[in-house]
Amino acid sequence: MNTQGRPTRGAETGASNGDTITGNRGLMMEEPLIFEADTPGACGVDLAEPVTPDRRLGGLEREGSVGLPGLTEPQVVRHYTRLSQQNLGIDTTMYPLGSCTMKHNPRINEKLARLPGFASLHPMQPMSTVQGALALIDALADWLKRLTGMPAVAMTPGAGAHGELCGMMAIRAALEHHGQTGRTHVLVPESAHGTNPATAAALGFTVDRIPATDEGRVDLAAFKDRLDDGVAAIMLTNPNTCGLFEGDIVDIAEALHAAGGYFYCDGANFNAIVGRVRPGDLGIDAMHINLHKTFSTPHGGGGPGSGPVVLSEALAPFAPIPAIMHGTDGLRLAEQTEGETAHSLGRLKGFHGQMGMFVRALAYILSHGADGLRQAAGDAVLNANYLLARLGEELTAPFPGPCMHEVLFDDHFLKDTGVTTLDMAKALVDEGFHPMTMYFPLVVHGALLVEPTESESKATLDAFADTVLALARRAKAGDTEYFAGAPYLTPRRRLDETAAARKPILRWIPPTPESQAAE
Ligand SMILES: *Cc1c(COP(=O)(O)O)cnc(C)c1O
């Protein structure tokens, strides 16, 4: 045990895996918390003694140290480099997490985003000095409008969920503008991403679930039955989170519009259809685009998300500010709710959106061109269907194929083996693959949602498929004990994930000094 009560590797894994003297295993280093590495007084730089200023805080000055660990520069570099090596990541291995879409971060994006003219911009520079940046945002906006066939786009939302909020706020603003405040219900299919009902609920709408058919699509009859003048909108993902195209989408849009509702489409999976289907042709009123899922900007810890929202003619007047306007003397930002932006829903973000992500997304778009984007969508779908065909030998798919960009399996193939979806995922970690998404979507039992993406080669897909098939055979052969113990080769073995989520220890607490402990 270390000072925070975390078991060390040796204690967790037993002698067979943890019996080195150091706890290190070759390239895999046992790494303490950075606070535990504290060497009081150590510092990476020579700082001059500060001139003691006049005390002007009325006696509220800190007396003790701020409690940061003392570390040399090599210690800091090693600490973070070692931690970075304890993860399976897209730069080391295939990352088939579903509902996550593309994970490719082309290096040319990074190079362009670091150009000083973009990287050193300040959001409050005078408008005349940022014409290039405004032109870049405007060029990206133009691509997004063309690719979606939509007349307007709000560029400021900071991620997919923020885009949903933006689109639904535009819908609410439109309803209020037209005096339709009695429309308080939002319809959400069962397979929806959790952010959809959460967004609707956060805006005060009542969420009604729409059931799925046996084919994993929206039940059109149930949807039509539910339509009345209390319905504000539907929030539908297409392709949906079962990896399936909602073939009735045009009928859904027509019935909804006839009943006076707005169509919000969750466009997180736009990468599967970009260059092939224009959402504007399907009758959609608002759709967010995750630049980190369709246009190659980094996900999660790799960088901020970015969720521009395309809007139909009906919703365009309600778009948020700031908005880029074409003036006689160049581009400018409309920053107030007046004049042409009088009906705007207001401001969603401090400044103009995720500028660094706009640079990356446009770099990706321009380096691929329209034909390259179209091909990326096709390759993503082809790769998912290849895995559906290969893994279908041993795994069970709940819905008939073909699929779109991701392929969904349930845990039927593990029935009576004593092995669970979680066990399969843990065993995959030992094999050097990041697991697929597990237990989502909730509409199937023990879901395994696999999204290979467009950037994996056939050789990698085959290596992955061979591994998953071999594990499935091993489970069916009754080797339950093996699975119960996996993973064997990771820095930590099975963790109590429930306790980690429910009772997280987020603060480092210094160990009690020996003098006090002795008293
Ligand atoms: C990822 C995702 C979201 C949320 O996007 P964030 O950028 O993570 O906020 C919403 N819906 C679907 C279907 C998604 O896959």
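Given the structure is predicted, the values throughout are model-derived calculations rather than measurements.

Calculation notes
- Residues numbered from 1 in each chain as written.
- Predicted model: local features only at pLDDT ≥ 70, side-chain atom pairs only at ≥ 80, totals over all residues.
- Heavy atoms only, no water.
- Buried < 20%, exposed > 50% of the residue type's maximum accessible area, 1.4 Å probe, protein only.
- Helix = DSSP H or I, 4+ residues; strand = E, 2+ residues; numbered from the N terminus.
- Right-handed = clockwise from strand over helix to strand, strands pointing away.
- Pairing = 2+ DSSP bridges.
- Phe/Tyr/Trp six-rings, centres within 6.5 Å; stacked < 30°, edge-to-face > 60°.
- Lys NZ or Arg CZ within 6 Å of the ring centre and 35° of its normal.
- Near = heavy atom within 4 Å.
- Polar contact = N/O pair within 3.5 Å; in protein donor to acceptor, adjacent residues only side chain to side chain.
- Areas by Shrake-Rupley, 256 points an atom, 1.4 Å probe, with all protein chains shown as cover.
- Domains from an automatic or database assignment.
- Contact = heavy atoms within 4.5 Å.
- Buried area = accessible area lost by both parts, 1.4 Å probe.
- Salt bridge = Lys/Arg side-chain N within 4 Å of Asp/Glu carboxyl O.

Structural notes on the pairing of strand β2 (residues 185–189)
Argument step 1. Burial analysis of β2 places four of its five residues in the buried class, the great majority of the element.
Argument step 2. Regarding topology, helix α8 (residues 195–202) serves as the crossover connection from β2 to the parallel strand β3 (residues 206–210), and that connection is right-handed.
Argument step 3. By the bridge criterion, three bridges tie β2 to strand β4 (residues 231–237) in an arrangement that is parallel. Counterpart to Leu-187 in the pairing with β4 is Ile-234.

Here's the deal with the packing of aromatic side chains
Argument step 1. Overall, the coordinates contain five aromatic pairs when judged by the stated rule.
Argument step 2. With 5.0 Å between their ring centres and 15 degrees between their planes, Phe-35 and Trp-508 make a pair best called stacked. One end of the pair, Phe-35, is in the loop between α2 (15–18) and α3 (73–84); the other, Trp-508, is in the loop between α16 (497–502) and α17 (514–518), with 473 residues separating them in the sequence.
Argument step 3. Within the aromatic cluster, the residues linked to one another by ring pairs are Tyr-482, Phe-483 and Tyr-488.
Argument step 4. The ring centre of Tyr-482 lies 3.6 Å from the NZ or CZ of Arg-474, which sits over that ring.

Examining the site of the ligand
Argument step 1. Near the ligand there are 14 residues, and of these Gly-160, Ala-161, Asp-266, His-292 and Lys-293 occur at the shortest range.
Argument step 2. Between the ligand and Ser-99, the relevant distance is 3.1 Å, taken from an oxygen atom to a side-chain nitrogen or oxygen of the residue.
Argument step 3. Gly-160 places a main-chain nitrogen or oxygen 2.8 Å from an oxygen atom of the ligand.
Argument step 4. Within the complex, the protein chains bury 86% of what would otherwise be the 380 Å² of accessible surface of the ligand.
Argument step 5. For the shell around the ligand, the secondary structure elements donating two or more residues are α7 (160–177) and α11 (291–294).

Thoughts on unusual backbone geometry
Argument step 1. That bond from Gly-401 to Pro-402 is cis: its omega, -5 degrees, falls within 30 degrees of zero.
Argument step 2. You can see Pro-402 is positioned in the loop between α12 (355–391) and β10 (407–409).
Argument step 3. Cis geometry is adopted by the peptide bond preceding Pro-441, which originates at Phe-440 and carries an omega value of 0 degrees.
Argument step 4. With respect to the helices, strands and loops of the structure, Pro-441 is situated in the loop between β11 (437–438) and β12 (448–450).
Argument step 5. Its identity is not glycine, yet Ser-99 carries a phi of approximately 55 degrees, on the positive side.

A look at the domain arrangement of the protein
Argument step 1. Considered domain by domain, the protein is made up of domain 1 (109–364) and domain 2 (370–491).
Argument step 2. Residue-level contacts link 26 residues of domain 1 with 22 residues of domain 2.
Argument step 3. Of the roughly 1,800 Å² buried between domain 1 and domain 2 on both sides combined, carbon and sulfur atoms contribute 65%.
Argument step 4. Linking domain 1 with domain 2 are zero salt bridges, by the criterion used here.
Argument step 5. On inspection of domain 1 and its partner domain 2, the count reaches three residue pairs in polar contact (both at pLDDT 80 or more).

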